[in-house]
Amino acid sequence: MKILIAAVGKAKVCPEAELMADYLKKNRWDITFKEIADAPAALPSEQRREREAEKFVALLDTGTRFVALDSMGEQLSSPQFAKLITRAHGDSVKRMVFAIGGQDGLDPALLKRAHKVIAFGAATWPHKLVRAMLAEQLYRAYTITIGHPYHEGH
């Protein structure tokens, strides 16, 4: 199964991007990262989200399981997150797409299309940091599935 992390905005060279790259490099799963261009800043928030949603929808094809990250989503433990991925693999899902919104979040219509909407806690996190957090959780899920002791250190 392939995994795609799709995120709105362009991350410059920064510690968060380096951290994300480090976790993706450690992971043995087939994970790629795609940046979605921000909609024009002059547009109202709702229209920005709609335009950005169109770009996410273009990534969804048959056999894709779509997971959206949103502060109002379900909070999963790391083992539950690992189970989300192993269940998709067991269901013969060809690709999982994880969507991270930009400054305006994700469009409500896009959230409705998601197989699951998840949150990394009740706090609102900077989108650059969420990228790194997702990469770490994917690595942690990988280590859980292979029985590596990384997760046991909490």
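Rules of the game
Residues numbered from 1 in each chain as written. Predicted model: local features only at pLDDT ≥ 70, side-chain atom pairs only at ≥ 80, totals over all residues. Heavy atoms only, no water. Core = buried A, V, L, I, M, F, W, Y, C linked by side-chain atoms within 4.5 Å. Buried < 20%, exposed > 50% of the residue type's maximum accessible area, 1.4 Å probe, protein only. Helix = DSSP H or I, 4+ residues; strand = E, 2+ residues; numbered from the N terminus. Contact = heavy atoms within 4.5 Å. Expected span 1.5 Å × (residues − 1). Arc of directions from axis to C-beta. Phe/Tyr/Trp six-rings, centres within 6.5 Å; stacked < 30°, edge-to-face > 60°.

Participant: Could you give an account of the nonpolar core, with specific residues and numbers?
Facilitator: Core analysis: the biggest nonpolar cluster contains 27 residues, and Phe 81, Ile 85, Met 96, Phe 98, Leu 134 and Leu 138 have the highest contact counts within it. Contributions of two or more residues to this core are made by β1 (2–8), α1 (15–26), β3 (64–75), α3 (78–90), β4 (95–100) and α5 (127–146). With 8 residues, the single largest contributor to this core is α5. Dropping the residues within four chain positions of it, Phe 98 is found in contact with Ile 3, Leu 4, Ile 5, Ala 6, Val 67, Leu 69, Phe 81, Ile 85, Leu 134 and Leu 138.

Participant: Account for α5, with residues named and values stated.
Facilitator: In an α-helix, one full turn covers 3.6 residues, which means residues spaced three or four apart are oriented alike. Under the 1.5 Å per step criterion, the end-to-end length of α5 is 29 Å for 20 residues, consistent within 8% with the ideal 28 Å. Looking one or two places after α5, you find Gly 147, whose phi comes out positive at around 75 degrees.

Participant: Before we move on, could you go through helix α2 (residues 45–57) and cite the residues and values that matter?
Facilitator: Its 13 residues place the ends of α2 18 Å apart at the C-alpha level, agreeing with the 18 Å of an ideal helix rising 1.5 Å per residue. Inspection of α2 places Arg 48, Arg 49, Glu 52, Ala 53 and Phe 56 among the buried residues, and these make up the whole buried set. Each buried residue of α2 sits inside an arc of 135 degrees when the element is viewed along its axis, so together they form one side.

Participant: Describe the packing of aromatic side chains, and please don't skip the residues or the numbers.
Facilitator: Each aromatic ring pair is described using two quantities: the centre-to-centre distance and the angle formed by the ring planes. Following the criterion strictly, the structure yields 5 aromatic pairs and no others. Ring geometry for Tyr 23 versus Tyr 139: centroids 6.1 Å apart, planes at 40 degrees, classification tilted. Residue Tyr 23 is located in helix α1, and its partner Tyr 139 is located in helix α5; the two are separated by 116 residues in the primary sequence. Each of the two residues, Tyr 23 as well as Tyr 139, counts as buried. Aromatic side chains Phe 81 and Phe 98 sit 5.8 Å apart centroid to centroid with 45 degrees between the ring planes, which places their arrangement in the tilted category. You can see Phe 81 sitting in helix α3 and its partner Phe 98 sitting in strand β4, a full 17 residues away along the chain. Relative accessible area serves as the criterion here: at 0%, Phe 98 is assigned to the buried category. An aromatic cluster of at least three residues, connected via ring pairs, comprises Tyr 23, Trp 29, Tyr 139, Tyr 142 and Tyr 150.

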